[in-house]
Amino acid sequence: MFIGGEWMNASGSQTRTITDPANGETLGTVPETTDQDVDLAVKAARRAFDDTNWGSTDNAATRAQLMRDLAAKLREVAPEFAKLDTQNCGKPLIEAEGDVADAANCLDFYAGLATSTMGQTASVPMNMQSMVLREPIGVAAQIVPWNYPLLMAVWKIAPALAAGCTVVIKPSELTPLTVLELAKLAQEVGLPAGVLNVVTGVGEVAGVALTNHPDIDKIAFTGGTDTGSKIMAAAAKGIKNVTLELGGKNPAIVFADANLNQAIEWIAFAGFANQGEVCSAGSRILVERSIYDQVVERVKIIAQNIKIGHGLAQDVRMGPVVSKEHYDKVMGYIQKAKEENCRLVCGGSHPAGAQFANGHFIEPTIFADVTPAHTLFREEVFGPVMSFTPFDTEEEAVRLANDTEYGLAAGVFTEHIGKAHRVVKQIKAGIIWVNCYHPTFNELPWGGYKKSGIGRELGKYGMEAYLETKQVNINLDQSELGWY
Ligand code: NDP
């Protein structure tokens, strides 16, 4: 763990073995954090916030420079980081390379914002000069999942540091390696002790201790909706500021007037990128009936030709899912879809072959004729499983798209600009793609409606999440109050 600028083992001396989900090989061991260790980490972050000038406006330019240095360091060693994320969570190397580049760009983006925090002045009566000041919230607890180990961490660390907060971050118990490596780089560039602390370990211990700690001012969480609910309860107890980035069951609507050659590939990418282990995965594909069979067939052909394998192997576009436990969960959803008589179009099994024997691989899987009554239409699988549903009218497409408790992302495929705008406005989701799926930018807000979360990451919105707002009224009048 990295606490107060020092590398240390857990006080209980217990460790956890971290493995490669493609072959079961051991990648390393990390400490199993105890409540006591979390307390140490929070205290270190508290001291760095309260007793140093880290968060002061005087220090904003230094914060920005440190973040740029960290981004530059990360770029220098990008291939090693990409390899490590691939080995740790299973994603294809080409995706991990993109994640590392995005993470470095994210640090640079927020370095730019570190020196541009602006308050406001207001015109008010009573000869007052009124102002709104923005100040860092304080110590942030950040909890991130396993599907984008480095990128999800940087999405949280970068705005927090830019705002002047200090951080205790807990990566997923399964994928702590690149976050620990990032802390090494932070140490190398000279980030002051206690500004960034990393505790490894399980959510039920380290995560609970962190979110319940009285010295935490803000909790930022990305993960499942059920965990998000627990985190919110912990935040409620301490009246802590909280942002939540949770799950999704995201629709992509394909109208008959779409450019199908273009749409087909994006749809496959929507559902199968990162093995479908993406909160914004397009897992519910709604297709206008006149082109339904054709679309299902063409996406099936792509799915059957996706190269599966160890993420480091040449041309692989789908690796294993992250763990045996998650493999069983995804396979359970496939089994349930079969039992509920969804039509299996392709996949649905562990791929055959010796190279897959020791890994948690699942074939790209498509079910057709899925209706809102089916579990597959409602629950987030978080694996390479897509469902297809036909519709007849624009109104029905929108109704089906919104027929979910989630509201993270959606896609719309049409060549009709008016229809695209109409549908975009009616879909209740925080991110919508038109004639594409998945591209996202550090400059723009990321987050969900409904049970997909509270608040936004990225862009200036992500920075807001780490800033307090202070009202200041300065009396310019020389007269006495005359109240008593
Ligand atoms: P989990 O909710 O299981 O875990 C997320 C993190 O929370 C992990 O670090 C976990 O620790 C920790 N945790 C678990 N229980 C608690 C607790 N009681 N208190 C505090 N922390 C806890 O999610 P997964 O890791 O399984 O990730 C998949 C989920 O993340 C999906 O639902 C997905 O949609 C969502 N997600 C959302 C994104 C978004 O931007 N909206 C982006 C990426 C993923 P541990 O690993 O030890 O269990």
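In case you missed it, the structure is sitting above this.
Quantities reported herein were computed from a predicted structural model and do not represent experimental measurements.

S.K.: Can you walk me through the pattern of salt bridges in this structure?
M.R.: Side chains that carry opposite charge are capable of pairing whenever their charged atoms lie near each other. A full pass over the atoms with the stated rule returns 22 salt bridges. Among the salt bridges present, the one from Asp328 reaches Lys324, with a minimum N-O distance of 2.7 Å. Here the residue Asp328 and the residue Lys324 both occupy positions in helix α11 (residues 324-339), the gap between them amounting to four residues, near one helical turn. A relative accessible area of 38% places Asp328 in the partly exposed class. Notably, a salt bridge pairs Arg399 with Glu395, separated by 3.3 Å at the nearest N-O pair. One end of the pair is Arg399 and the other is Glu395, both in helix α13 (residues 394-402) and four residues apart, which spans about a single turn.

S.K.: Quick question: what am I supposed to make of unusual backbone geometry here?
M.R.: What you tend to see is this: most non-glycine residues have negative phi, and most peptide bonds are trans. We note that Asn127 has phi near 50 degrees; this positive angle belongs to a residue other than glycine. By the secondary structure assignment, Asn127 is in the loop between β5 (120-122) and β6 (128-136). Despite not being glycine, Gln275 shows a phi value in the positive range, around 60 degrees.

S.K.: Please clarify how the sheet that holds β5 should be interpreted in this entry.
M.R.: Remark on secondary structure: sheet strands pair via backbone hydrogen bonds, oriented parallel or antiparallel. Within the open sheet, the three strands sit side by side as β5-β6-β22. Their pairing is antiparallel. Only two strands of the sheet have a single neighbouring strand rather than two, namely β5 and β22 (467-475). For this sheet, the mean angle separating the axes of adjacent strands, direction not counted, is 25 degrees. Sheet analysis places β6 next to β22, joined by nine bridges and oriented antiparallel. When the bridges of β22 are listed, Pro136 appears paired with Leu467.

S.K.: Where do I start with the site of the ligand in this structure?
M.R.: In the vicinity of the ligand there are 30 residues, among which Glu173, Gly203, Thr227, Leu246 and Glu380 approach most closely. Interatomic distance of 2.8 Å between a backbone N/O atom of Gly224 and an oxygen atom of the ligand. Considering the ligand on its own, with 890 Å² of exposed area, one finds that the protein chains cover 89% of that surface. Here the shell around the ligand is composed, by residue class, of 15 nonpolar, 10 polar and five charged.

S.K.: Would you mind showing me how to read the pairing of strand β8 (residues 166-170) here?
M.R.: On a regular strand, each side chain points to the face opposite its neighbour's, so the side chains alternate between the two faces of the sheet. With five of five residues buried, β8 is to be regarded as a mostly interior element. Burial along β8 is two-sided: the face carrying Thr166, Val168 and Lys170 and the face carrying Val167 and Ile169 are both buried. The pairing of strand β7 (residues 139-143) with β8 spans five bridges and is classified as parallel. Bridge assignment links Val139 to a residue of β8, and that residue is Thr166. Chirality of the crossover, the property in question, places the unit of β7, helix α5 (residues 149-163) and β8 among those that are right-handed. Across three bridges, the pairing between β8 and strand β9 (residues 196-198) is parallel. From the neighbouring strand, Val167 faces β9, where its bridge partner is Leu196. In this region the chain leaves β8, passes through helix α6 (residues 177-189) and returns to the parallel neighbour β9; the handedness of that crossover is right-handed.

S.K.: Looking at this structure, I do not really get the nonpolar core. What am I missing?
M.R.: The nonpolar side chains of soluble globular proteins are, as a tendency, buried together. By size, the foremost hydrophobic cluster in this structure holds 106 residues, and its most contacted members are Leu74, Ile169, Val254, Ile267 and Phe388. With sequence-adjacent residues up to four places away left out, Ile169 is seen in contact with Gln142, Val144, Ala153, Ile157, Val179, Leu196, Asn197, Val198 and Val199. Counting 28 residues, the second-largest nonpolar core is a separate cluster that includes Leu286, Met331, Phe367 and Val398.

S.K.: Is there a simple way to explain the pairing of strand β10 (residues 218-222) in this structure?
M.R.: Counting buried positions along β10 gives five out of five residues, so the element sits mostly inside the fold. Burial along β10 is two-sided: the face carrying Lys218, Ala220 and Thr222 and the face carrying Ile219 and Phe221 are both buried. Pairing analysis gives four bridges linking β7 to β10, with the strands arranged parallel. Looking at the pairing, Ala141 lines up with Ile219 of β10. Both β10 and strand β11 (residues 241-245) contribute to a ladder of five bridges, which runs parallel. Counted as the bridge partner of Ala220 is Thr243 from β11.

About the cut-offs
- Residues numbered from 1 in each chain as written.
- Predicted model: local features only at pLDDT ≥ 70, side-chain atom pairs only at ≥ 80, totals over all residues.
- Heavy atoms only, no water.
- Salt bridge = Lys/Arg side-chain N within 4 Å of Asp/Glu carboxyl O.
- Helix = DSSP H or I, 4+ residues; strand = E, 2+ residues; numbered from the N terminus.
- Buried < 20%, exposed > 50% of the residue type's maximum accessible area, 1.4 Å probe, protein only.
- Pairing = 2+ DSSP bridges.
- Axes fitted to C-alpha atoms, helices over the stretch in contact; angles between N-to-C directions.
- Near = heavy atom within 4 Å.
- Polar contact = N/O pair within 3.5 Å; in protein donor to acceptor, adjacent residues only side chain to side chain.
- Areas by Shrake-Rupley, 256 points an atom, 1.4 Å probe, with all protein chains shown as cover.
- Nonpolar A, V, L, I, M, F, W, Y, C, P; charged D, E, K, R; others polar.
- Right-handed = clockwise from strand over helix to strand, strands pointing away.
- Core = buried A, V, L, I, M, F, W, Y, C linked by side-chain atoms within 4.5 Å.
- Contact = heavy atoms within 4.5 Å.

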